[in-house]
Amino acid sequence: MNKTISKKMYFRFAVLFISIALSFPGIAMAAHSTVEGVISGANCIVNKGICPMKPGDPHLALENDFVLAAPGAKYYFMPNITRTVKTSYINKQARVTGVVDGSSIVVSIIEVKDGDSYREVWNWEKIVAEIGRGR
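Summary of the structure given here. Residue numbers restart at each chain and count upward from 1, following the sequence in its written direction. Local features are withheld for residues below a pLDDT of 70 in this predicted model, meaning they are given only at 70 or higher, and side-chain atom pairs are given and counted only at 80 or more; totals for whole chains, interfaces and linings count all residues. The basis for every side-chain value is the complete set of non-hydrogen atoms in the structure, without hydrogens or water.

Concerning the environment of Ile-39
A run of H or I in DSSP becomes a helix once it reaches four residues, and a run of E becomes a strand once it reaches two; helices and strands are each numbered from the N terminus. Inspection of the secondary structure assignment puts Ile-39 in strand β1 (residues 32–41). Burial classes follow relative accessibility: with a 1.4 Å probe on protein chains only, a residue under 20% of its type's maximum area counts as buried, one over 50% as exposed, and anything between as partly exposed. Judged by relative accessible area, which is 1%, Ile-39 ranks as buried. Residues Ile-39 and Lys-92, 53 residues apart in the sequence, show an inter-C-alpha distance of 5.9 Å. Whether two residues are in contact is decided by their heavy atoms, any of which lying within 4.5 Å being enough. Those residues in contact with Ile-39 that sit more than four places away from it in its chain are Val-67, Leu-68, Met-78, Lys-86, Tyr-89, Ile-90, Asn-91, Lys-92 and Ala-94.

Below, the structure is given as structure tokens:
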């Protein structure tokens, strides 16, 4: 079998398995929470270090990771979100939906405040659907 075909089949199987697992209400839906806060540098929030102010700020290079800083001095790491996505929305008011586990949240949806409402900027289900179509 061609290596390319086997990799594609493996990847599609993995996406299918994850999609099926997330479709069970007891596994995924009941555990989802929505948290509102501001996306900030982890060093800034956790260690009270220098805070990057906007995308392109040189201090972004000093940040190892980014968190969703929620009210009440709570913060959540977002391990399944790329650095690029996190830095794009630095210091933006955001609403994040996902599975909370201690001080991390496995993100399903990110919405960023735009005026008086929120607009969706990242959605795992839509990404999986696009992958399934081969795009």
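Description of the state of the cysteines
Counting rule for disulfides: a pair of cysteine sulfur atoms within 2.5 Å. Tallied over the full model, the rule gives one disulfide. Between the sulfur atoms of Cys-44 and its disulfide mate Cys-51 the distance is 1.8 Å. On the sign convention where negative means left-handed, the S-S torsion of about 75° between Cys-44 and Cys-51 marks this disulfide as right-handed. Assessed through its relative accessible area of 32%, Cys-51 is described here as partly exposed.

A few points about the pairing of strand β6 (residues 117–123)
Where strand β5 (residues 104–114) and β6 come together, six bridges link them in antiparallel fashion. Bridging across to β6, Ile-109 finds its partner in Asn-123. Hairpin connection of β5 to β6: two residues between the antiparallel strands, including Gly-115 at a positive phi of 75°. Strand pairing is defined by DSSP finding a minimum of two bridges between the two strands.

Some remarks on the environment of Thr-87
Inspection of the secondary structure puts Thr-87 in helix α4 (residues 83–88). Residues contacting Thr-87, with those up to four places away along its chain left out, are Pro-55, Leu-60 and Phe-66. We define a polar contact as two N or O atoms separated by no more than 3.5 Å, with the added condition that, inside protein, one atom must be a possible hydrogen donor and the other a possible acceptor, whereas residues neighbouring each other in sequence contribute only through side-chain atom pairs. A polar contact is formed between the side chain of Thr-87 and the backbone oxygen of Thr-84, at a distance of 3.1 Å.

Details of the side chain of Asp-57
Tracing the sequence through the fold places Asp-57 in the loop between α3 (42–46) and β2 (66–70). When near neighbours in sequence (up to four residues on either side) are disregarded, Asp-57 contacts Cys-51 and Pro-52.

What about the nonpolar core?
Judged by nonpolar contacts, the single largest core of 16 residues is most densely connected at Leu-68, Met-78, Ile-81, Val-96, Ile-105, Val-107 and Ile-110. Within the residue set of this core, elements represented by two or more residues are β1, β2, β4 (93–101) and β5. Ignoring any residue separated from it by four or fewer positions in sequence, one finds Met-78 in contact with Ile-39, Phe-66, Val-67, Leu-68, Lys-86, Val-96, Ile-105 and Val-107. The term nonpolar core refers to a set of buried residues drawn from Ala, Val, Leu, Ile, Met, Phe, Trp, Tyr and Cys, joined through side-chain atoms within 4.5 Å.

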